Amino acid sequence: MKELYIGVMSGTSLDGIDIALCEIGDTTCRLLSAHEYPFPQVLKEEILALISSSVSLKQIGECDMKLGMLFTECINDFIQKNALHVKDITAIGLHGQTLWHAPDSAYPFSMQLGNANIVAAKTGISTVADFRGMDIAHGGQGAPFAPAFHKFLFADTKQKMALVNIGGMANISLLFGKLQGWDVGCGNVLMDLWIQKTQAKEYDKEGAFAKSAQTDKSLLAKMLMDVYFQKQPPKSTGREYFNEAWLTQKLQGFEHLSDAQVQRTLLELTAQTIANDVNNTHSSQLIVCGGGAKNSFLMQRLAKLCHAEVSPSDTLGINSDFLEAMAFAWFAKKRIHKEPLKLRNVTGAKKDSIAGAVYAAD
Ligand SMILES: Nc1ncnc2c1ncn2[C@@H]1O[C@H](COP(=O)(O)OP(=O)(O)OP(=O)(O)O)[C@@H](O)[C@H]1O
Ligand SMILES: CC(=O)N[C@H]1[C@@H]2OC[C@@H](O2)[C@@H](O)[C@@H]1O[C@H](C)C(=O)O
């Protein structure tokens, strides 16, 4: 039987809230409608401040509620725009906003905010949230989760297919043989930070600023030496690692470079770290999704560096902007049906678990 689910994702880029309405069956997940709501600037700045400085419990509690209310507003608007009936939707899969991801700390945790009680109460739809906690409880990284969905979508592929999502962070899924996946490292986050700081632009459209200069090989080599890129999977990361402090530390001794040279080197870092993982795994086809798929210069560099055929997921009929939101609709379905996500090989958990907590609407 097919059911309707809504997936809600706001990623590490903090650029928008993606909402996807999906019709999900045992072997299919069809995107019926989708919309991206812009992230309010004030709340974005508040979240970035929370991530980079010490904060009070009150601020965290209030941020959780503010995000819950924001997600609710977006979902209710989406329901209205699509003339949906609340009763027809089995559940919402709400990822929440990641504030801190610390799978390797002494007391590992992954914190997503956006109060799911509020979402369930004010939409009238049961809401599944806190997806990552059980995997961490079983000793896993709690991320990335998308590989399980990518495997479901491309179950029939005969190719040695890899899929990379280039959002704020970049994560890869290997869809041949035993399912594998990990966070490659920084996706767009450092490129975004640099152009925001030096050119007051949100992001480097089509990689045009990067394209105007040459890569600095010494800076690139220094960045590629970073321990995260040397680490073997399972591994996952976030803004608590790849952030302004990381960039400032790497740029020490490279003050003579122009802003454009740094931008170009950061783009090359993203392209080379992805290409290294693709080539090391002997993948023959690379599907790209997430905002990075829209960066034509980055795509050009990937095509050049990878020994695989590179294409955006749209060429396979999969909307590259909403794949993660679709994933959380599907994860909600798996939770409602009490089916485990087969992620132990990806996250390093001791066992596969039923992911997510249900906040019942009635
Ligand atoms: N036309 C474009 N040219 C260059 N870059 C682009 C373009 N469109 C989007 N991007 C990049 O994509 C980013 C947004 O990507 P996306 O929405 O996939 O991130 P996210 O979902 O927040 O991240 P994550 O997957 O890490 O959770 C922007 O911040 C920008 O860097
Ligand atoms: C902790 C967290 O929010 N991680 C995100 C982030 O964005 C990309 C990458 O880092 C991935 O690990 C994950 O998101 C996707 C949806 C995932 O779990 O697969």
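What counts as what
- Residues numbered from 1 in each chain as written.
- Chains lettered and ligands numbered in written order.
- Predicted model: local features only at pLDDT ≥ 70, side-chain atom pairs only at ≥ 80, totals over all residues.
- UniProt positions renumbered as here; feature names shortened; annotations may be inferred.
- Helix = DSSP H or I, 4+ residues; strand = E, 2+ residues; numbered from the N terminus.
- Rg over C-alpha atoms; globule rule 2.2 N^0.38 Å.
- Buried ≥ 20, exposed ≤ 12 C-beta atoms within 10 Å, placed from the backbone.
- Contact = placed C-beta atoms within 7 Å.
- Domains from an automatic or database assignment.
- Nonpolar A, V, L, I, M, F, W, Y, C, P; charged D, E, K, R; others polar.
- Near = placed C-beta within 6 Å.
- Core = buried A, V, L, I, M, F, W, Y, C linked by C-beta atoms within 7 Å.

- With an unreviewed UniProt entry as reference, the protein chain is termed Anhydro-N-acetylmuramic acid kinase, source organism Sulfurimonas autotrophica.
- Entered under Catalytic activity (unreviewed entry) in the UniProt record, the comment concerning the protein chain runs "1,6-anhydro-N-acetyl-beta-muramate + ATP + H2O = N-acetyl-D-muramate 6-phosphate + ADP + H(+)".

1. Description of the overall build of the protein chain
Line of reasoning, step 1. Counting its regular elements, the protein chain contains 14 helices and 12 strands.
Line of reasoning, step 2. Computed over the C-alpha atoms, the radius of gyration of the protein chain is 20 Å, within 12% of the 21 Å expected from 2.2 N^0.38 for a compact globule of 362 residues.
Line of reasoning, step 3. Referenced to the eigenvectors of the C-alpha coordinate spread, the extents of the protein chain come out at roughly 60 × 50 × 40 Å.
Line of reasoning, step 4. Relative to its full complement of 362 residues, the protein chain shows a buried share of 49%.
Line of reasoning, step 5. Taking as baseline every contact in the protein chain between residues at least 6 positions apart, the subset at least 24 positions apart corresponds to 71%.

2. Details of the domain arrangement of the protein chain
Line of reasoning, step 1. Split into domains, the protein chain comes out as domain 1 (3-145 + 322-359) and domain 2 (147-316).
Line of reasoning, step 2. Tallying the contact residues gives 25 residues for domain 1 and 28 residues for domain 2.
Line of reasoning, step 3. For the side of domain 1 that touches domain 2, the elements supplying multiple residues, two or more each, are β4 (89-102), α13 (323-336) and α14 (344-347).
Line of reasoning, step 4. Partitioning the side of domain 1 that touches domain 2 into residue classes produces 14 nonpolar, 9 polar and 2 charged.

3. Remarks on the site of ligand 2
Line of reasoning, step 1. In the neighbourhood of ligand 2, 17 residues make up the surrounding shell, with Thr98, Ala143, Pro144, Ala146 and Met169 lying closest.
Line of reasoning, step 2. The set of elements that each furnish at least two residues to the shell around ligand 2 consists of β4 and β8 (169-174).
Line of reasoning, step 3. Of the residues contributing to the shell around ligand 2, the split by class is 5 nonpolar, 10 polar and 2 charged.

4. With respect to the nonpolar core
Line of reasoning, step 1. Grouped together as the largest cluster of nonpolar side chains are 102 residues, with contacts concentrated most on Val8, Ile92, Ala162, Val164, Val288, Met326 and Ala329.
Line of reasoning, step 2. Two domains each provide a minimum of three residues to this core, namely domain 1 (3-145 + 322-359) and domain 2 (147-316).
Line of reasoning, step 3. When residues no more than four places from it in sequence are discounted, the contact partners of Val8 are Ile17, Ile19, Phe71, Ile75, Ile92, Gly93, Leu94, His95, Ala325 and Phe328.

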